[in-house]
Amino acid sequence: MTDQIQFRSYNDRDADAVWRLHEWAIRATGNDPSDIPGTSDLQNIETRYFDSGGAFLVGVVPTADDELPETFDGGLAAMGGFLPNDVGHADERTVPGAAELHRMRVAPSRQRRGYGRRLLHQVEQQVAEQGYDVLLATTSQSQPAAVAFYRDEGYQEVDRSTQGEYELVHFEKRL
């Protein structure tokens, strides 16, 4: 069922669709997108991800579906990226030589189709190709589907912390 989605590198023409998918996916978890800390990276993806040695992928499906945010080449169904840990969020843990997974989102109307798994595997492959041995992931306890997803994909819970009103669950995976 995932054969329709095509993953590619972010293009600056995707900016509006990326922001809309972020807001939609966060709202669907019962959280307020304006309350999510540290989302300024989504306002400047080229500088924040590409210029720092990371990557940001978008998953596009050919669609006439008005529900999906539109990109220049289809509907945005998934997105996510990674940063080297030494340039990631300063308020998160530091693991030398690791990369951090960021902004993994799948459109609520397209969840449970394998898009998130395919996206994660593509990001993991890029992380490994760049020589990282460990990939870090952090999500909120208020997103039980994300917590289960990372566990199912072989990520080990290594810590918990609190940021504002959010209880964060920290994962690591050796690649």
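Residues numbered from 1 in each chain as written. Predicted model: local features only at pLDDT ≥ 70, side-chain atom pairs only at ≥ 80, totals over all residues. Heavy atoms only, no water.

### Section: the pairing of strand E6 (residues 134-140)
Of all seven residues in E6, six are buried; the element is thus mostly enclosed. One ladder, built from three bridges, connects strand E5 (residues 98-106) with E6; its direction is parallel. Across the sheet, the residue bridging to alanine 99 is leucine 135, located in E6. For the crossover that starts at E5, traverses helix H3 (residues 115-129) and ends in the parallel E6, the hand is right-handed. Both E6 and strand E8 (residues 166-174) contribute to a ladder of seven bridges, which runs antiparallel. When the sheet's bridge partners are listed, serine 140 is paired in E8 with leucine 168. (Buried < 20%, exposed > 50% of the residue type's maximum accessible area, 1.4 Å probe, protein only. Helix = DSSP H or I, 4+ residues; strand = E, 2+ residues; numbered from the N terminus. Pairing = 2+ DSSP bridges. Right-handed = clockwise from strand over helix to strand, strands pointing away.)

### Structural notes on helix H4 (residues 144-152)
Within the span of H4, buried status applies to Ala146, Val147, Phe149 and Tyr150. End-on, the buried residues of H4 take up no more than an arc of 160°, which puts them together on one face. Exposed positions of H4 whose direction lies more than 90 degrees from the buried face are Pro144, Ala145 and Asp152. The inward-facing, buried residues of H4 contact E5, H3, E6 and E8. Immediately beyond the C-terminal end of H4, within one or two residues, lies glycine 154, with a positive phi of roughly 90°. (Arc of directions from axis to C-beta. Contact = heavy atoms within 4.5 Å.)

### Points about the packing of aromatic side chains
Counted under the stated rule, the structure contains seven aromatic pairs. Arranged with centres 6.5 Å apart and planes meeting at 35°, the rings of tyrosine 10 and phenylalanine 50 form a pair that is tilted. Residue tyrosine 10 is located in the loop between strand E1 (6-9) and helix H1 (15-28), and its partner phenylalanine 50 is located in helix H2 (residues 45-50); the two are separated by 40 residues in the primary sequence. On the basis of relative accessibility, which here comes to 28%, the residue phenylalanine 50 falls in the partly exposed class. Ring geometry for tyrosine 49 against phenylalanine 56: centres 5.0 Å apart, planes inclined by 65°, an arrangement best described as edge-to-face. Accessibility assignment for this pair places tyrosine 49 and phenylalanine 56 in one class, buried. Members of the aromatic cluster, each reached through a chain of ring pairs, are Tyr10, Tyr49, Phe50 and Phe56. One cation-aromatic arrangement involves arginine 13 over phenylalanine 72; the distance from NZ or CZ to the ring centre is 3.7 Å. (Phe/Tyr/Trp six-rings, centres within 6.5 Å; stacked < 30°, edge-to-face > 60°. Lys NZ or Arg CZ within 6 Å of the ring centre and 35° of its normal.)

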